[in-house]
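Secondary and tertiary structure notes
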Amino acid sequence: MKKLTKITMLSLLLLLITALVMGCSNDKNTKQETYTIATDVTFAPFEYKDKGEYVGIDMDLLRAIAKDQDFKVEIKPLGFNAAVQALESKQVDGVIAGMSITPEREAKFSFSKPYFDSGVVMAVADKDDSVKDYSDLKGKRVAIKTGTEGASFAESIKSKYGFKTVTFDDSANMYDDVKTGNSVAAFDDYPVLAYGVKEGNGLKIVTPKEKGNSYGFAVNQSGNEELLKRFNKGLANLKESGEYDKIISKYLGESNEKSKQVKLDRDKKYAIATDTTFAPFEFVDKNGDFVGIDMDIVKAIAKDQNFKYEIKSVGFNSAVQALESNQVDAVIAGMSITPERQAKFDFSDPYFDSGVVMAVAKDDDKVKSYDDLKDKKVAVKTGTEGATFANSVKEKYGFTTVAFDDSDSMYNDVKAGNSVAVFDDYPVLAYGVKNGNGLKLVTDKEKGNSYGFAVGKERNGELLNAFNTGLKNIKASGEYQKIQDLYLKTDTPQTAAKDKTFFGLIKANYPDLLKGLGMTILLTAISLAIASVVGVMFGFMRVSTNPIVRWISIIYIDIFRGTPLIVQAFFIYFGVPTAFDFRLSAFAAGIITLSLNAGAYMAEIVRGGIQSVDSGQMEAARSLGLPYKTAMRRVVIPQAIRVMIPSFVNQFVMTLKDTSILSIIGIYELTQSGKIIIARDLESLKIWLIVGIMYFIVIMCLTKVSDFLERRMTNGKVKR
C-alpha cells in the first residue's frame, strides 16, 4: 500500500512538471514580440490613411510579413524626416516609408533586401502646356520633397537646367504648390506621382521615368538584427507565395504595367556588347547561337518592348571599353553595379544578385579555406566580383592574384597547378563545376553586388527605360524565373552526354571552326592586298631622295613597327572613333589594323630589296641613257623582287597568325571560335590542339605554294 502511494505521488509530480513545462512552452509560443515601426504620413500608394487606417504598399507588406513571421507591429506615422530621426535616436525599432537605399543611409542604418525598385518623373499642372521637359525649367521654381529620389535627382540637374528648388515635407503640399502656380513642376518618385495622377491630384507627368534607387526597410545598426532577418525572410516568403505581387498589383495595377512599352526608336538596331565566355550568363550553344541568362533576358525584354538589337561578343574588358568609346549602345555581361562604374555608366535596375566563392582543382585536398592560401597564387578574372573580393582579402591571407581575361584560362591555370585556387562569381563557378570544369567549390558564398544592364552616362536613356520596364514585365509574367531555372536549377534534367573525344569534338564543332577559319583567311587576304599597296608606296618613299617624303615614311614605319599590334587594334577600334565621334565596326577596325601593321613591315621589305641591288646596276643603266624611272622598272626592281619574295612569304604567314589578336575586339576568327567552343564544352586541351592543327595545315600549304612561286621566279621553271 505504501509502495502504491509512492508511485501515485511520483506520477502526480510528473504530471505537474509536464503541465508546467507545456504551460511555459505555450506561453512562449503564444507570446508575440511587438515592434514599433515609423512611417511617413502621406506617401501614397506606399502609406496613407483610408477610413481611419493606414494602408498602402508599405503598410500591407509590413502587416503580411508580421503575420508570416509571427510578430506584431505598432505603426507610428511621423512623417519621413521625423521617422528617420526617431530611428537614429532609437525611439522606434524600424522605418518603412518608401526609403531609398543610398550609401549615406547605409552608413547609418541596416537595410533589408530591396522590396521595390523606384524611379523619378517630373509632373506639371494638368492645364500647363508650357513645360514639357527639363529645358523649359530655366529660371523657374520646382517643388521637391525632402529625402526622396525626386529631390536627389532634381538637385543633381538644377544647375544644368537653371532652375531653383523649394522643399516640402509631404507630397500633398508639394502638389498644391504646383497647382497654385508657385512652382511650375514637381519631381517625385514614379510610383507615388503616377498613383497621385491616377487618383486625380491635378497634375500630369511630362517626362519619361529616370532611373532611381530601390526602397528598403531600415533598422538601427546597433540592434534589431533579428527584426531585419524576420523582415527579409518574410519578404522572400511573400514573393514565393505570390502575395507580394498581389499587394503591388492592388495599388499599381499589374495589367497596366505589363502592357506598358516605353518610347524608343524601334527602327534602330541597338548594339549590345557582352562577354565571350561567362556561362551561364553568356556563351554559344552547339547551334552557334548566343544563350545564357543575360542573353535570354535581353531577348525576352526586346520582345516585350519591341526593339531590335545585335549582340557583339567582345569579351568583358573590351565590352566596357566599347561602351566608354560609344562603339556600342549598352553592355550586358554579368556586370556588377559598383560606385566606380556608376560614375561612368547608367545602370538598369539590378537583374541578378551575385556572390563569390573559391574553388580549387578537383583532386586538391590541401586548400580548404582562405588560411591555406598563404604565399600562393590565386587566379581571378578582371572586372568580376571574384577579383574584387580576392584583392580585398589577399593581404589578410598573404596570397597574390593573377588576372585573366576569360574564365576558361583562369580555370586552366588552376588545373595546371600554376595557381592553387580561383575566386569567381558564384553562379558562374557553380555552373562550371556542375558541367565538369575540373574544379570543386571549397568555401561558402560571400555576399556580392548585383548585376545590371549598363548604358553610357546620359546616353540611351530610352533603352535603359525599356530594359527596366521589360524586366518588370517578364518578372511579373514568370518568364524571368523560367530563365533562371533553365540555367541554375539543380534538378533540371541533364542533356545526353556529349562525345568529348578528339574526333567527337571535331564532328560536333567543325561548322564553328570552319567559320572561324574562313574569317581568318578573309582578314589575311584583304589586309595583305591593302598592305601590299601601302608597303610598296612607303617603301619607295623610304628610298626617295626627297628628305620630307623619306621622313614621312620613316615615321609611319617606326610607329607601326614600334608598338604592339594589340595596342594598335585598341587604338583604332576604341580610340579613334571616340576622338572623332563616329562608330567603326570591329571587322573594319581589324582590316585597318592589320593593313597598316603589315604595310609598315612590307615597306621595309621593299626598301631592303631595292637597296640589296648593287648600286652599280643603276649607274650602268643610267650610263646607257635610261631615265631613272625606267632604270628602276627595268633593271633594279626585277632583281629586287626576287630578294623580297621570301620576306613577303614570311610576312604573309605572320599576318595570318596576327589575326588571332583581333579576337580581343570580338572578331569571330579561328582563335575566337576556339575560345567560344571551349566555354561551351570545357575541353581546352583538345580544342586548342584542333585549332593549332588547323593553323599549321593552312600555313604549311601557303608556305609550300609560296616556295613553288619563289622557285618559278628564281629559275624561270619548276625544279625537279
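Residues numbered from 1 in each chain as written. Predicted model: local features only at pLDDT ≥ 70, side-chain atom pairs only at ≥ 80, totals over all residues. Heavy atoms only, no water.

1. Topic: the nonpolar core
Applicable threshold: Put simply, a nonpolar core is a bunch of buried Ala, Val, Leu, Ile, Met, Phe, Trp, Tyr and Cys residues held in one set by side-chain atoms that sit within 4.5 Å of each other. Here's how the labels work: a residue is buried when its accessible area is under 20% of the maximum for its type, exposed when over 50%, partly exposed in between, all with a 1.4 Å probe on protein chains only. Helical segments are the DSSP runs of H or I of at least four residues, strand segments are the runs of E of at least two, and each set is numbered from the N terminus. Contacts are assigned to residue pairs that have any heavy atoms within 4.5 Å of one another.
In this structure, Ile 96, Tyr 115, Phe 217 and Phe 231 are the most contacted members of the largest nonpolar core, which totals 46 residues. Ranked by the residues each element gives to this core, the list is headed by helix 2 (residues 57–69), at seven residues. Sequence-distant contacts of Phe 231, that is, excluding residues within four places in its chain, are made with Leu 62, Ile 65, Ile 96, Ser 112, Tyr 115 and Phe 217. Counting residues in each nonpolar core, the second largest holds 44 residues, with Ala 330, Phe 404, Phe 453 and Leu 471 among its members.

2. Describing the confidence of the model for the protein chain
What counts, and what does not: pLDDT measures the predictor's confidence residue by residue and takes values from 0 up to 100.
Here the protein chain averages 82 in pLDDT, and 91% of its residues register 70 or above. This stretch, residues 21–30, has a pLDDT under 50; its non-local contacts, to residues over four places away or in other chains, come to one contact. Low pLDDT (under 50) marks residues 254–259, which in the prediction has 10 contacts with non-local residues, meaning those over four places away or in another chain.

3. Thoughts on the packing of helix 19 (residues 502–542) against helix 20 (residues 547–561)
When two helices pack together, their arrangement is given by the angle between the helix axes and the distance between those axes. Heads up, the condition is: With axes taken as lines fitted to C-alpha atoms, and helix axes fitted only over the stretch in contact, angles between N-to-C directions fall between 0 and 180 degrees. Throughout, the term roughly parallel applies to angles under 35 degrees, roughly antiparallel to angles over 145, roughly perpendicular to angles from 65 to 115, and oblique to all others. Take the far helix as your reference; a near helix turned counterclockwise from it by less than a right angle gives a left-handed crossing, and one turned clockwise gives a right-handed crossing. Charged means Asp, Glu, Lys or Arg here, nonpolar means Ala, Val, Leu, Ile, Met, Phe, Trp, Tyr, Cys or Pro, and polar covers whatever is left, Gly included.
Packing of helix 19 against helix 20 brings their axes to within 7 Å, and their N-to-C directions diverge by 130°. Relative to helix 20, helix 19 is oriented oblique. Between helix 19 and helix 20 the crossing geometry is left-handed. Here helix 19 contributes Val 534, Phe 538, Met 541 and Arg 542 to the contact with helix 20, which in turn contributes Val 549, Arg 550, Ile 552, Ser 553, Ile 554, Tyr 556 and Ile 557. By residue class, the composition of the contact of helix 19 with helix 20 is eight nonpolar, one polar and two charged.

4. Looking at the packing of aromatic side chains
Going by this rule: Think of it this way: a Phe, Tyr or Trp ring, Trp meaning its six-membered ring, pairs with another when their centres are within 6.5 Å, and the plane angle makes it stacked under 30 degrees, edge-to-face over 60, tilted otherwise.
Counted by the stated rule, this structure contains 31 aromatic pairs. With a centroid separation of 5.3 Å and 85° between ring planes, the pair formed by Tyr 35 and Phe 71 is classed as edge-to-face. A residue pair is termed long-range when its members are at least 10 positions apart, and Tyr 35 in strand 1 (residues 34–39) and Phe 71 in the loop between helix 2 and strand 4 (72–77) qualify at 36 residues. Each of the two residues, Tyr 35 as well as Phe 71, counts as buried. Within the aromatic cluster, the residues linked to one another by ring pairs are Phe 46, Tyr 115, Phe 116, Tyr 215, Phe 217 and Phe 231.

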